[in-house]
Amino acid sequence: MRFGSQAWIWLNAAAVGLCLCTLTGLLLLIAVRGLGHFWPADLQLYAYLDDAGATRRVLGELIETETVSRRQHRESGTALDLVPGDGPLQRLVIKTGNRRLDPPDFAHIFEHRIESVSAPPDAVVLERVEWGNAHGEVLAVNGAAHGNGDRLWQAFKQRMEAAHRVRETIKALAGTTLEAAEEERRRRLHRQLDANSFTLRLANGRLAEVPFGDVLRAWRPNRMNLAEKLGHYVETFWLFLSQPPREANAEGGVFPAILGTVTMVLLMSVLVTPLGVAAAIYLHEYARPGVFVRLIRIAVNNLAGVPSIIYGVFGLGFFVYLMGDAVDQTLFRDSLPAPTFGAPGLLWASLTLALLTLPVVVVSTEEGLSRIPKTLREGSLALGATQAETLFRLVLPAASPSVLTGLILAVARAAGEVAPLMLVGVVKLAPNLPVDGEFPYLHLERKFMHLGFHIFDLGFQSPNVAATRPLVYATALLLVAVIVTLNLTAILLRNRLAWKFRQLS
Amino acid sequence: MLQTPIADAAQICLRVRGLTVAYAEEPALQGISLDIPRHQVTAFIGPSGCGKTTLLRSFNRMNELIEDARTEGVIELEGCNIFQAGVDPAQLRRQVGMVFQRPNPFPKSIYDNVAYGLRIQSSSSRAANLDQEVESALRRAALWDEVADRLDAPALTLSGGQQQRLVIARAIAVKPAVLLLDEPASALDPISTLKIEQLIHQLKSNYTIIIVTHNMQQAARVSDFTAFLNAGRLVEYGPAEAVFTNPKERQTEDYITGRRG
Ligand SMILES: Nc1ncnc2c1ncn2[C@@H]1O[C@H](COP(=O)(O)OP(=O)(O)O)[C@@H](O)[C@H]1O
Ligand SMILES: [Mg+2]
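The following refers to the structure shown.

Rules of the game
Residues numbered from 1 in each chain as written. Chains lettered and ligands numbered in written order. Predicted model: local features only at pLDDT ≥ 70, side-chain atom pairs only at ≥ 80, totals over all residues. Heavy atoms only, no water. Helix = DSSP H or I, 4+ residues; strand = E, 2+ residues; numbered from the N terminus. Rg over C-alpha atoms; globule rule 2.2 N^0.38 Å. Buried < 20%, exposed > 50% of the residue type's maximum accessible area, 1.4 Å probe, protein only. Contact = heavy atoms within 4.5 Å. Areas by Shrake-Rupley, 256 points an atom, 1.4 Å probe, with all protein chains shown as cover. Lys, Arg positive; Asp, Glu negative; His and termini not counted. Charge placed at Lys NZ, Arg CZ, Asp CG, Glu CD. Axes fitted to C-alpha atoms, helices over the stretch in contact; angles between N-to-C directions. Parallel < 35°, antiparallel > 145°, perpendicular 65-115°, else oblique. Left-handed = near helix turned anticlockwise from the far one by under 90°. Nonpolar A, V, L, I, M, F, W, Y, C, P; charged D, E, K, R; others polar. Pairing = 2+ DSSP bridges. Near = heavy atom within 4 Å. Polar contact = N/O pair within 3.5 Å; in protein donor to acceptor, adjacent residues only side chain to side chain. Buried area = accessible area lost by both parts, 1.4 Å probe. Salt bridge = Lys/Arg side-chain N within 4 Å of Asp/Glu carboxyl O.

### Structural notes on the overall build of chain A
- For chain A, the count of helices and strands is 14 helices and 12 strands.
- Taken against the 2.2 N^0.38 rule, which gives 23 Å for 505 residues, the C-alpha radius of gyration of chain A at 30 Å runs more than 25% over that of a compact globule.
- Projecting the C-alpha coordinates of chain A onto the three principal axes gives extents of approximately 95 × 80 × 40 Å.
- The burial tally for chain A puts 43% of its 505 residues in the buried class.
- Contacts in chain A between residues far apart in sequence, at least 24 positions, make up 67% of those at least 6 positions apart.
- Element-wise, carbon and sulfur atoms account for 63% of the exposed surface of chain A, whose accessible area totals about 26,500 Å².
- Here chain A holds 48 positive side-chain charges and 44 negative ones, and the gap between their average locations is 6 Å.

Shown next as structure tokens:
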């Protein structure tokens, strides 16, 4: 049996190793794909022969090199220029941007057809308000060439900053009342934005006149050194974290989704903890053990196995339609028939997830309660404490690490749930944040955005799936980071409590 | 059979009459009647399982916490039946403090352990001089000098003997009239045991003390009166000296000379 047990140990170790590898692999993949997106990669100018044999030029960044077998190549019907030999062909995927100016977004170029590659130092990347990035070279600002390279770039930068200031002013105006004078001022500012423009030369030689109002940021990656690139990277990443999305979520940041996820999870924690603890106290401390309690326990444990979408359906039917309507009837009569709480929203989403995670909190709390020795309770009772006093002053504090353990599990589950949320409050694009500076600060009735749903939306619902794919990874990474942060907070709290109430016996 | 070594009825603190306790119809105590004198140390001795703990826990109605325990009979504390309808067990337990066989400090700081009972009685007037009350209780339990500089340390960092004295301090902090000690030294080393015995000596001027012990020497050393129980019945009860040097009952003699139990 010696060999047998040895092999068994190795098998176990291998299983653990596999788990670890999968986990690291997963995180690495997400991290590399997601974080790489924000790097200001160099722009290359590729000259190549197209299928018709004409020379074409594209300016863009290399995304990846694909291997295409000859058979595939032949079957696709473009097999007129086979290179000698019969190995597979290499094909470069170049992100050219320039949607609307020079479609398509991506160029696929066979390596053997490339005539030349260069890195034009003045190549510029423009982050546009609409239609994604554009690549090209700035030729003139407001029609004037301003001499050569740097002078022109300075003039360009100045105009960009001016446009930025105007945009900020417009944004500040957005919140205020729409009186006629204000409206007039806004229209004037918009005109001002559109009045200035610059001339962009695309890789194919075409010229385009672009208003400064259409461009958010511009940079010349081929002229940046490592430090500048790092600075740019951090700035881009920060904008991704702190800005709302633009353009049907395909551009801009994910701030509303982060805020929505965190708010929802925190609210869920606030709701599930008292509920779960109360239920556990009843089951463990007050209910007489018997068939009834056993049935409840079985039911609670099985709740954890119900598919989460069922909770969503329940939340929609019970919370949103039933309770929401009741709340509207009693508290928000004035605004009927427009629903206030009678529609999906933050509160109902949090309640639905609280219900979903209730079993873990109940089970974990019960476990904690049962771990408090009887001698401790008797010690408290012998001092003249009532059962309730014993519970609140001694048992619950000592069981609090277990409560938090339950909460940690609940948070981990809740932060990752998407399916039920789509029914009870999460939307693709929320007009308002669930938390803002407007009384009452936390808006329980609002719909909100969620990182999990955002991933789905970016990956499958966006008008340009290939262009948003890196954002899918970046958002996934953020979701993982948010869950880890929330969990770490809870774990730290639990460890502090556990240390405080540590039992030597 | 009523046994009372106390002539003066005014000296009686606890009066037990016809006390019968059964666990799930299995009697653990049968028809116990005895009087416990005020501000004296009374010891219960007897073989394991004879019902000493059960009797002790009857005085502060702790047996009620056991699901299937049934109690009959009367216990009067200063003339009032503690089983009477209007008596609040929590109130009673403030009058009759208890220290358990194994030290059971709460997972809180030393200070919070002693203050626990006081805080439950709460009333703001007490909270004001909580510090004083805690210090005084720790001093009376002969623990102050050892813990004065680390009142905020977890109680569970104390040694076993210190923990037991802490638990005594916790009990006397709420100023009970009676102190029940269930084999308080059984889990302790000889030095700690000695300290506890000295403590009992000091405390008896202010408290009526009932101590359960299986250690005959200890009973002889600390008690003024001794009761010998066997198989749920009170066999003999009298002044400690009389019980130990000149037992009336054959069973008692066998037990204290080590021929039984
Ligand atoms: N909680 C309980 N449930 C059932 N029987 C018990 C319980 N506690 C004690 N007993 C029984 O009552 C009798 C007296 O026990 P106890 O008072 O603890 O004796 P002692 O303290 O003298 O050792 C024993 O036979 C014991 O088995
Ligand atoms: Mg005992």
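### Focus: the packing of helix α11 (residues 387–416) of chain A against helix α3 (residues 110–121) of chain B
- At a minimum axis distance of 12 Å, the contact between α11(A) and α3(B) shows a crossing angle of 135°. Overall, the two elements α11(A) and α3(B) adopt an arrangement that is oblique. Where α11(A) crosses over α3(B), the two elements pack in a sense that is right-handed. Across the interface between the two elements, A:Glu389, A:Thr390, A:Arg393 and A:Leu394 from α11(A) touch B:Tyr116, B:Arg119 and B:Ile120 from α3(B).
- The residue inventory of the contact of α11(A) with α3(B), partitioned by class, reads three nonpolar, one polar and three charged.

### Side note on the pairing of strand β4 (residues 106–110) of chain A
Residue and element names in this part refer to chain A.
- With respect to burial, β4 is a largely interior element, four of its five residues being buried.
- Across five bridges, the pairing between strand β3 (residues 89–95) and β4 is antiparallel. Across the sheet, leucine 92 pairs through a bridge with isoleucine 109, a residue of β4.

### So, the site of ligand 1
All names here are of chain B.
- Every residue near ligand 1 is listed here: Tyr23, Ala28, Ser48, Gly49, Cys50, Gly51, Lys52, Thr53, Thr54 and Ile66.
- At 3.1 Å, a backbone N or O of glycine 51 approaches an oxygen atom of ligand 1.
- Lysine 52 has a polar backbone atom sitting 2.9 Å from an oxygen atom of ligand 1.
- Protein contacts shield 59% of the accessible area of ligand 1, which totals 560 Å² for the unbound molecule.
- Of the residues belonging to the shell around ligand 1, the class tally is four nonpolar, five polar and one charged.

### Some details on the interface of chain A and chain B
- Each partner contributes to the interface: chain A provides 22 residues, whereas chain B provides 25 residues.
- Contact between chain A and chain B buries roughly 2,000 Å² in total, counting both sides, with carbon and sulfur atoms accounting for 62%.
- Taken as a group, A:Ala382, A:Leu383 and A:Arg393 account for 31% of the area that chain A buries against chain B, more than any other trio of residues on that side.
- The tally of links between chain A and chain B comes to two salt bridges.
- A salt bridge links B:Arg57 to A:Glu378, with the nearest nitrogen and oxygen atoms 2.9 Å apart.
- Where chain A packs against chain B, one counts six residue pairs in polar contact (both at pLDDT 80 or more).

### Some points on the sheet that holds strand β2 (residues 26–37) of chain B
Residues and elements named next belong to chain B.
- Overall, antiparallel pairing links the four strands, which are arranged β2-β1-β4-β5 in an open sheet. Both outer strands of the open sheet, β2 and β5 (80–81), are each paired with one neighbouring strand and no more.
- Across eight bridges, strand β1 (residues 12–23) lies against strand β4 (residues 69–77) in antiparallel orientation. Bridge assignment links tyrosine 23 to a residue of β4, and that residue is alanine 69.
- The strands that helix α1 (residues 52–59) touches are β1, β2 and β4; relative to β1, the one it contacts most, it runs at about 120°.

### A short note on unusual backbone geometry
All names here are of chain A.
- With an omega of 0°, the peptide bond running from phenylalanine 439 to proline 440 counts as cis.
- With respect to the element layout, proline 440 can be found in the loop between α12 (421–424) and α13 (451–461).
- In the Ramachandran plot, tyrosine 441 falls in the positive-phi region, its phi being about 65° despite a non-glycine side chain.
- For tyrosine 441, a relative accessible area of 47% translates into the label partly exposed.

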